[in-house]
Structures are given as C-alpha cells and as structure tokens.
Amino acid sequence: MKDQILQTLHDLRAYALAKGVEATFLYHEEDSYLMRFANSAISLNTNEHLIRLDITAYKGRQRASYSLITALGNRKEMQQGVDIAAEMVEHAQPLSYDPTVPVYTESFSDESAFDPALAMLSNEARLAYFNQASAGLETDEVQLSGVFSCGWTIFAQINTRSEHTQYFKASDAQITIVLSHTGLKWEVIAEQSAQHQDDLKPDALHDDLAFLVDHYQHDTPQQLPLGTYDIVFGPAATAEMLGMMGYIGYSGGAMKRGFSFLNENQVGQCVFSPQFTLVDDPTRRETFPFQRDMMGIARHPYPIFTEGVFQGFIWSQDDADEFGAQPTGHTVPHRSIVMGGGNVTAGTLRELVAMPRENDILYIPYLHYMNIVNPSKGLVTASSRFGALLLKKDGSIVVPYNVRLTQSLLNVFGDKVAWLSQEQVAYNTSSSYGARNPRATIVPALIQVNGLEISHSNSSY
Amino acid sequence: MQKQLQEQIARLRAAGAHYVDARWYPVEETNDLMMWNGNLKEASASRESGVGVRVLYKGAWGFSAASDADQLGALFDKALDNARVAAERITFPIRLAEKDAIRATFESPNAINPFTVPLAEKLAFMQTMDAKLNQPGVFQRICTLTFMRKQIIFLDSEGSEIEKTITEVFPSIEVVGLDAQGEMHSRKFSPPRMGDTRGWETLDMEIFSANAERIVREMNEVLVAEPCPKDVRSVILLPGIMFLQTHETIGHALELDRILGYELAFAGGSFVRLSDFGTLRYGSEKLTARADATIPNTPGSFGFDDDGVPAQNRLLIDKGLLVGAITGRQMVEEANVRAGRRIFEGSGGANRATAFYRVPIERMTNINIDPGDDGTLDDIVRNTERGIVLDGDKSWSIGSNREQFHFATDIGWLVEDGQITHVVKNSTYQGETVPFYNSLSAVGDESTWEVQYTPNCGKGQPNQIMQLGHGVPVCRFDNVRIGE
C-alpha cells in the first residue's frame, strides 16, 4: 500500500509540474473503528475507511488549497483537485509576506509508531477488553458507558519543489470506561491510551474503577463549602490544562495576535514553579510523534519551560513567515508535549489515599468543558467530573459533588505547585472530529497544587 | 446508484436485518475563507462524496461508511457484521418509533447559490469589510466566510426515499483590541436570520457595514472600561448571548439521548430525569421553549431528519413546565418504556448526522424561546433597578449534567435605577440552570426576537459538528452572580 500511495503522490506531482502549478500534497488515510457503550450495552459499532487529499497551490505570495475525500484509485478526481487549487490561487489575494513552500532534502519514512496487531484489532477483542475491564462492577443501577476507539493513520507528503516524500504511519487506541449510577447520577472513569497492543491493560482499568466505585457507593456525598483547597489533579485534568496552555501560552502566533498570557520579555524569565518543566519531545512514542514536521524540519526535544523558566515560543512555518521568526519544527498535526515528573513516589489514587496528609486534599481527576475566560491572564474555567474525592486529613474520604474552578494557568502551574509524581502517564487527548489524528500528552500521574479557590459547588450529583 | 442501494438494503433485510438505511452523499462541498489583518490566511475548498449504511440487527446498531462507492456489497456487509457483534451485548433491544414511508425532496432556500459566486467577488467583500474594521484601537481584524452545500439521498428498508440539498452561509467579522494593561478584548458580528433565504444574498453590505462600525465602537468602549464588578444583579441577556444560554442549558439538557445516558462517556448527561416530564418547573411562567424545525431558512430547518422523519415544531417547556425533549425514532421508544408511561408521541424529527461517515444522533433543530410581553429592550432596562446588560459569547463552560454554567461575554453595560450607566469589561455570569430559569422575570417582545445561527455545535463519539438555530428574545434573570 505504501508504494501505491507514494506513486500516486509522485504522479500528482508530475501532473502539477506539467501544468506549471507550484503545489504541496498531503495524503491522509485512516481506518477507524469505534465501539461505543451506553447503559451497559453496545450502543454503536462503527467503522470508517477514508482517504483525504489536501492540495495547496502557491503563486508567489498567493496561496489557496483544495481538499477532497476520495479513493486511492481515483486519479482523475485528484487531478481535478490540482486544477481547482490552481484556479483558486490565480484569484487569491496576495499575502503581505512570502509563504514558504517546503523543500524536502531527503525522503523520510517513519512507521515506528505502527503496530499491525493493534491496528487490526477485531470486534471480538474490543468487546472482550471491555468485558474484562468492567467485570463484576456493573449492577442494575451501576451501568457501563465508554468507547473503544482504535485504528491506523497514514500521513504522506510530496511537493513540486523536490521529489522526496515524507510518510508517517501510526496505530492507536483510546479507551474510556465510565461507570455511572442511574438514579444518583454519579459517574467515575478510567482511561487508557495505546500505541501498541502491549499497552492494552484492561486489568489496570478494572482496578481503578473498582476503587472508585467502592468509594462512590459507600462514602458520604457532600456539597463542598466554597473556599480554597489543596487540590491534586489527575492526568486528564493536567493534560487538559496543558492543552489550553498550548493555545494561549507558548505559541508565537497566538502571542503576536494578542491571544497569549506570555510575552517576548518573559523569555528567559521564571514564570512558573521551579518544579514545572515542559518539553515537546518527539522521541516519546506514546505521543504518536512526528519526527519531521510537515515542512521537512527534523524535530528533536524542544524545551519550552525548564524548571519554570520560559525557554521560548514555538513557531509554525506560517506564523514564522508572517512575523519574521525562525520556524521551530512545529508545523505538525500535533505536538508531543511532555511535562516532567517530580519526586513523589505516589503515582496512583490508591497511593495518594495512603499518603500521610496534614490538610484535606481535593482529588480532581478530570476537568469538564474547559474554556478560556481571559487569554491575557491565562484564565480558564471548568468543572470537576468523573470521580473526584475529598481526602480528609483524619484519613476519612468524602465524595464531593462537582465543583467549578476558575483559575489562571499561571496560578495552577506557578508557586502554588506543592509536588509532582515521579511517574509519568501518557494521557490520550485525541478527538474524533475530522481526520483521525491520534495524540497524547505525557504528564505526571498526580500533581498537587495548594490554595486554589473553587467558585461554585454543586448541591447534588 | 439508488437502485444499487435499494438492492443492498433488500439483501440485508433478507439476511436478517430488522431495518437498514443508507445515506448517499453524491456531493458535499465547502468553501472557507479567512482574512486576518488583511491577509488571506485561508482560501480553501473541499469536496467529498460517499455512503453511510446503518443496520439494525437483533436490537443493535451497526454502521459503516466509505468514500469508495465501488465496494457497496462489502460496505453493507461490514455494517451488518458490526451490528451482529453489537447484538452480543444489549440491554434494551432498539425499537424505532413508527413513521410513514416518505418520498420527498427538500432544498434549503437561497436566492443566489454561493458556489456560483466567483472567488474574486467573495474576496472583494472581505477586503471591504477588512477596510471598514481597520480603525483606531483595532489590533486584530478577522473576517470569515464559510459556505457549505450537501446533497443527501436517504433510502431505508421501510420504503422512504428522500433527497435533500442543504446550503449554508456563515459569515462573521471580529475585531480585537488591547487595553492599557495589555489585555485583549474582542467584539464580533454574525448576522442573524435576515429573511426567508440564506444564499450569497446574506452578505448584505449595508448591514455588515453598520455592524462593523458598531463592533469597533463597542470594542473601543470596552478597552477603556472598568472591570465588571463582583456582584449579584439582574442580568439582561441580548440575543447575542441568550442564544448560547438557550443552546447550552435548554438545548443540550433536553436531548433525549443525553437524558437516557447515551452521551455519558464524553459530552455528559442531563440533570433532567424521565419523571420530570410534566412535573419539573424548569423556569418561570414567562419561559416557553420549543424545538421548531419548520421556520423557513435556518440551519435548524432541514425538511426531514436522517431517520426520514419530517421536520416538526414541538413544545419543550410550556409556561415554565417541562413537557418535551429533542427526539429521534430510537430514543422515544426506549424512554416511554423506561418511564412506564407514554411521554413522547413519535419521533420529534431531530436525528441528524454531520456527514455520510457519521451515524445520526439527536441534534438541536431551532431551539427557541417564545417572545414575551415585557416590551422592548428599553422597556426592560427601564424596569430594572440594578442590573447588567450582556452581549457576545466570549466563553462558555457548562457542568456535565448541564446543571450549572459559567459564561463570559464580550461586553456589559451596567444598569442603575432603570438606566444604563456605563460599559464594563471582562463581564461574566454564572448560575444553576433550574434556579436561573425560574428567576426569569422579563421576556422581550417580538421586536427583540432574533434567530441566531450556530455553525459548529459539537456532540457525540465519533464527534460530529452540526449547524442549527436559536430564535430568542431579550431576557432578564434576577439575582445572578456576575464578575467571577
């Protein structure tokens, strides 16, 4: 299949050259499978096999693109796409800067993140995983929901500036299991990210779920008083906040457009806790990495914050072109963000519960529906969800109703950070909007932040 | 092609499928243009076609889709195979509400097909808008045009054959400025429903020019404004934020699949229970809400849903009382059985899919609030002692059961003793859904009612984006926390 894909791209390049069209081609193929559960049943079992082709035509400072969902053998339709992009670029208004057309100096192929066993996982295997992960935990009132999403993805590229190609192939799985009470409406979650079949560990999810269900069934629920709390965030919550930081923090383009809480004067300054280190690390296979960006720039670990000190903005090619910066290899479908771990050995909820504590600890594993209230201040808001616990200093545990946090990321990752787990976890942050693009963020399993205010507290589940 | 699809549908029925449908998209095309500070950052178009097949087998759904229509037999087989596996784990065998077999067509109204308008003309519009937005105080100016057109041919094993052609036009303009502290503030305009068609004619230069001037002026007022106080006041929501309040805390909360727990793993559930229908006082007597897919010309009016059910106008909340939900064929049957009573009479015609490669799920149509009898915006302000008028959807975050919310708006105007005093920046409000709607104390008349469009409502796994509408008046709610 790889040869056929690359030959198709070579043929399209030849077609464009013959027509005098300067163009880049991005081929995307996905084979996606999703088994969805609700009310303890499979509510949907679906698959899609889709091939997309994006064609961007350039004429000096003019740029236009055309994309289509097509079939690999449909050469004529693809060539028509070239013609349409070429026609569009004739009428496109020139940019105020020179857009860079990539030149690949060598061909590059990376299939290291592809595991055929995971890619070809059967319907039966997915169902068996779910049954194992939830075994014995369902009742008439406690019901199973979730998804088992898996598949494989190919990105392949060529352009008219060189005959070299880039080819990336990855397999992935994202599993979410929710147990919820039909009457009381509480819900707990366990999740797993897989790049390789060996990453699939249903027993680990079962263990997490069993622990949470036990507490939610037997501990007293409570509306928390408003005020400040020492909060331990789980991987999902931390990854969500880091995702927001990617939008309104260290992106050079966002900064130049006024959508960032960081500015150029802060490069080299300590803006976060000395315990906070963030790297874009394409060597971590769990992140489904791109070791070259779409412009052909080799990607290496790129420090963004080191012990709280801001190392510099990242620049995609187009932002770099527009604002006169150097591209940093960040013209990628997704980054490979890794937050460094700390020195606390506790890496699971059970270990957190067992830790001695001097104050009450609010454990928030998941933040629901985060949005940006004020990008200039890094201010975001979201609600807790899926298995929060209040660990009382006397050793008892209370199940809190959901609470809302409205906090600046500068606060959350700033001086209020108390500790981080040594252990890091790959949290799958893929969404299934549009083309398949598996991604994950590596975060400390737990981080404790002291003195964060909750701005709303639910009076029931 | 229809004949081939009908043959495959018949073949699967003969193989034991209880129900089969196919949605064939001969063409779906889009055109996206974005001009940012005068730079044409995006000039893109797309085209796709394909087939999605849904099979009900032994009470379970299977779905499969492909862009390559040459392999129809394999595609239908895969959908049946997916259903067979799903049937191994069911707790409530799916049943579909009755419907008539329909042979019909629907075309969304547009006077000028935007796909016939030359790119140069579209860019000329954007350049004019960009120039109008390029005023003192404006740091960033953004103009976007999105055009969509899809042809959908729906066939099912019950004899329906429906062809729809849907055209959408979503233009917007936005300005961003920085205040003295370097904080960004923005103001934007997307036209509400303006007549009975929504083709290229939506881009009325006069209306856009007037609104370009308005949003620049209002943004500059925000740049020098005081911060919104932390307070408890009446909030007066203009349609530019009331539509989103309605969307998030009435629309999503009343999707029947959410109520039944089908979205728990991702989007969330709903605080509403089946026992609440006919009993829950959702809001004050001033609140009447409906799902109305019959309004001519909005993205929430589509002729027939993707179950093949005709568009309908159904009450959701009647003078404050919860009476209905947003429904499709599957969920109403399950809800009635689970409730042990007949809450819902047939499908509400709200099952839609975003593309051929996604399965239909319950989506909002036009989720509207009926106009009230509390007069104009001026009348409502005049009758407000301590309040704040809010507009513009800056940020929204809602609890997983839609039970509470936090919104930030682009602009606020404080009201004291029946008069607007001054503009404030960083305005926010938050509340709990049921107490909030029960504090609804004034609903504006027809003069305040606008149908706002939502081009990008996300829901489901795999995720789906849907287009819809909200007809809403100016509404006032009392004792609301603001400024947090």
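Worth saying up front: this structure is predicted, and the values here are computed from it rather than measured. (Residues numbered from 1 in each chain as written. Chains lettered and ligands numbered in written order. Predicted model: local features only at pLDDT ≥ 70, side-chain atom pairs only at ≥ 80, totals over all residues. Heavy atoms only, no water.)

With that out of the way, let us pick up the side chain of Asn-211 of chain B. Residue and element names in this part refer to chain B. On the secondary structure map, Asn-211 appears in helix α4 (residues 205–223). At 2.9 Å, the side chain of Asn-211 and the backbone oxygen of Ile-207 are in polar contact. With sequence-adjacent residues up to four places away left out, Asn-211 is seen in contact with Ile-173 and Phe-189. (Helix = DSSP H or I, 4+ residues; strand = E, 2+ residues; numbered from the N terminus. Polar contact = N/O pair within 3.5 Å; in protein donor to acceptor, adjacent residues only side chain to side chain. Contact = heavy atoms within 4.5 Å.)

All told, the structure shown has 39 aromatic pairs over all chains when counted by the stated rule. Seen from their ring centres, Phe-125 of chain B and Phe-208 of chain B are 5.2 Å apart, and the 80° between their planes marks the pair as edge-to-face. Residue Phe-125 of chain B is located in helix α3 (residues 119–133), and its partner Phe-208 of chain B is located in helix α4; the two are separated by 83 residues in the primary sequence. Across the pair, exposure class does not vary: Phe-125 of chain B and Phe-208 of chain B are buried alike. Three or more aromatic residues link up through ring pairs in this structure, and these residues are Tyr-250, Phe-261, Phe-272, Phe-276, Phe-305, Phe-310, Phe-313 and Phe-413 of chain A. The side chain of Lys-169 of chain A reaches across the aromatic face of Trp-152 of chain A, ending 5.4 Å from its centre. In this arrangement the basic side chain of Arg-84 of chain B is found over the ring face of Tyr-57 of chain B, its NZ or CZ atom lying 5.2 Å from the centre. (Phe/Tyr/Trp six-rings, centres within 6.5 Å; stacked < 30°, edge-to-face > 60°. Buried < 20%, exposed > 50% of the residue type's maximum accessible area, 1.4 Å probe, protein only. Lys NZ or Arg CZ within 6 Å of the ring centre and 35° of its normal.)

For the rest of this paragraph, the subject is the interface of chain A and chain B. Each side of the interface is counted separately: chain A has 86 residues, and chain B has 88 residues. Summed over both sides, the interface between chain A and chain B buries roughly 7000 Å², with carbon and sulfur atoms accounting for 46% of that surface. At the boundary of chain A and chain B, one finds 6 salt bridges. For the salt bridge of Glu-263 of chain B with Arg-36 of chain A, the shortest nitrogen-to-oxygen distance reads 3.2 Å. For the side of chain A that touches chain B, the leading source of residues is strand β2 (residues 41–59) of chain A, giving 12 residues. Among the residues making up the side of chain A that touches chain B, the classes are represented as 34 nonpolar, 37 polar and 15 charged. Here 4 bridges tie β2 of chain A to strand β3 (residues 60–66) of chain B, and the two strands are oriented parallel to one another. Each residue of the ladder has a partner; that of His-49 of chain A, found in β3 of chain B, is Ala-66 of chain B. (Buried area = accessible area lost by both parts, 1.4 Å probe. Salt bridge = Lys/Arg side-chain N within 4 Å of Asp/Glu carboxyl O. Nonpolar A, V, L, I, M, F, W, Y, C, P; charged D, E, K, R; others polar. Pairing = 2+ DSSP bridges.)

Right, let's get into the domain arrangement of chain B. All names here are of chain B. Assigned domains of chain B: these are domain 1 (2–224) and domain 2 (227–482). Computed over C-alpha atoms, the centres of domain 1 and domain 2 are 21 Å apart. Carbon and sulfur atoms make up 56% of the area that domain 1 and domain 2 hide from each other, which totals about 4200 Å². Here domain 1 is connected to domain 2 by 9 salt bridges. When the shortest N-O distance is used, the salt bridge between Asp-393 and Lys-188 registers 3.6 Å. For the pair domain 1 and domain 2, the interface holds 23 residue pairs in polar contact (both at pLDDT 80 or more). At the level of secondary structure, the elements contributing two or more residues to the side of domain 1 that touches domain 2 comprise β1 (19–36), β2 (39–57), β3, β4 (103–107), β5 (140–156), β6 (161–178), β7 (184–189) and α4. Per element, the largest residue contribution to the side of domain 1 that touches domain 2 is 6 residues, and it comes from β2. Looking at the side of domain 1 that touches domain 2 residue by residue, the class counts come to 23 nonpolar, 11 polar and 22 charged. (Domains from an automatic or database assignment.)

Residues and elements named next belong to chain A. Relative to the helices and strands, Glu-29 resides in strand β1 (residues 22–38). The contact partners of Glu-29, leaving out residues within four places of it in the chain, are Met-1, Ile-5, His-49, Leu-50, Ile-51, Trp-152, Thr-153 and Ile-154. Of note is the side chain of Glu-29, whose polar atom sits 2.7 Å from the side chain of His-49.

Residue and element names in this part refer to chain A. For helix α1 (residues 2–19), which comprises 18 residues, the first-to-last C-alpha distance of 26 Å matches the rise-based estimate of 26 Å (1.5 Å per residue) to within 8%. Among the residues of α1, those classed as buried are Ile-5, Leu-6, Thr-8, Leu-9, Leu-12, Arg-13, Tyr-15 and Ala-16. Looking at the packing, one finds that the buried side of α1 touches β1, β2, α2 (75–91), β5 (142–159) and β6 (162–181). At the exit of α1 stands Gly-20, carrying a positive phi of roughly 75°. (Expected span 1.5 Å × (residues − 1).)

Further remarks concern the domain arrangement of chain A. Residues and elements named next belong to chain A. Splitting chain A by domain gives domain 1 (2–218) and domain 2 (221–457). Taking only C-alpha atoms into account, the centre of domain 1 sits 24 Å from that of domain 2. Taken residue by residue, the interface counts 45 residues in domain 1 and 37 residues in domain 2. Taken together, both faces of the contact between domain 1 and domain 2 bury some 3500 Å²; the carbon and sulfur share is 56%. Salt-bridge contacts for Arg-350 lead to Asp-207; the nearest nitrogen and oxygen are separated by 2.9 Å. Counting the contacts that link domain 1 with domain 2 gives 24 residue pairs in polar contact (both at pLDDT 80 or more). Taken together, the elements giving at least two residues each to the side of domain 1 that touches domain 2 come down to β1, β4 (108–113), β5, β6, β7 (187–194) and α5 (202–218). Considering only residue class, the side of domain 1 that touches domain 2 consists of 20 nonpolar, 14 polar and 11 charged.

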